[in-house]
Amino acid sequence: MFTWKILETLIDDGVLRRVKYHCTLTEGEHKVETEGNWLMRAEFTVDANTSESQVAHWLDLDATQDGKHLIKYRLQEQLDALKSAPSTKPPWAVDTFKVKI
């Protein structure tokens, strides 16, 4: 599940120009996050009634190119890599070092 937080916006003459965001993708026990700035290509008019969820929706629309959501795609790649990575124990784990007598 993707969770968006809008951290900051740049609005010029009532038009949304830039969005600073934080996005989290969670699947079961696995979680990846990213934070970034998105320069809006489309022009969306902002007023006093514009909500965070509306800005997130506009970001969602703007970040989709050729049917692929660029931010979500990269997060999914990272999550898939995390899920398929072999489980490794940290160096301080009990059976990592063995002493021969």
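These notes cover the structure that comes with them. (Residues numbered from 1 in each chain as written. Predicted model: local features only at pLDDT ≥ 70, side-chain atom pairs only at ≥ 80, totals over all residues. Heavy atoms only, no water.)

### Observations regarding the pairing of strand β1 (residues 2-12)
Selection rule: Strands were regarded as paired on the criterion that DSSP finds at least two bridges between them. Where helices and strands are cited, they refer to DSSP runs of H or I of at least four residues and of E of at least two residues respectively, numbered from the N terminus.
In terms of strand pairing, β1 meets strand β2 (residues 15-27) through 10 bridges, oriented antiparallel. Looking at the pairing, Phe-2 lines up with Leu-25 of β2. Hairpin geometry of β1 and β2 is characterised by an intervening segment of two residues between the two adjacent antiparallel strands and by a positive phi of about 55 degrees at Asp-13.

### Examining helix α1 (residues 52-62)
Note the threshold: Only protein chains enter the accessibility calculation, which uses a 1.4 Å probe; a residue whose area is less than 20% of its type maximum is buried, one above 50% is exposed, and one in between is partly exposed. Our arc is simply the arc of the directions from the helix axis toward the C-beta atoms. Contacts: residue pairs with any heavy atoms within 4.5 Å of one another.
Among all positions in α1, only Val-55, Ala-56, Trp-58, Leu-59 and Asp-62 are buried. One face of α1 carries all of its buried residues, which in axial projection span an arc of 160 degrees. For α1, the secondary structure elements touched by its buried residues are β1, β2, β3 (30-39), β4 (64-65), β5 (68-69) and α2 (70-84).

### Looking at the pattern of salt bridges
For side chains bearing opposite charge, pairing can occur when the charged atoms are close. Defined as follows: A carboxyl oxygen of Asp or Glu within 4 Å of a side-chain nitrogen of Lys or Arg is what we treat as a salt bridge.
With the rule as written, the count across this model stands at six salt bridges. The salt bridge involving Glu-43 is made with Arg-17; its shortest N-O contact spans 3.4 Å. Of this pair, Glu-43 sits in the loop between β3 and α1 while Arg-17 sits in strand β2; the two residues are 26 residues apart in sequence, bridging distant segments of the chain. Assessed through its relative accessible area of 58%, Glu-43 is described here as exposed. On the basis of relative accessibility, which here comes to 29%, the residue Arg-17 falls in the partly exposed class. Between Asp-62 and Arg-41 there is a salt bridge, and its shortest N-O distance comes to 3.9 Å. In this pair, Asp-62 is assigned in helix α1 and Arg-41 in the loop between β3 and α1, connecting sequence segments 21 residues apart.

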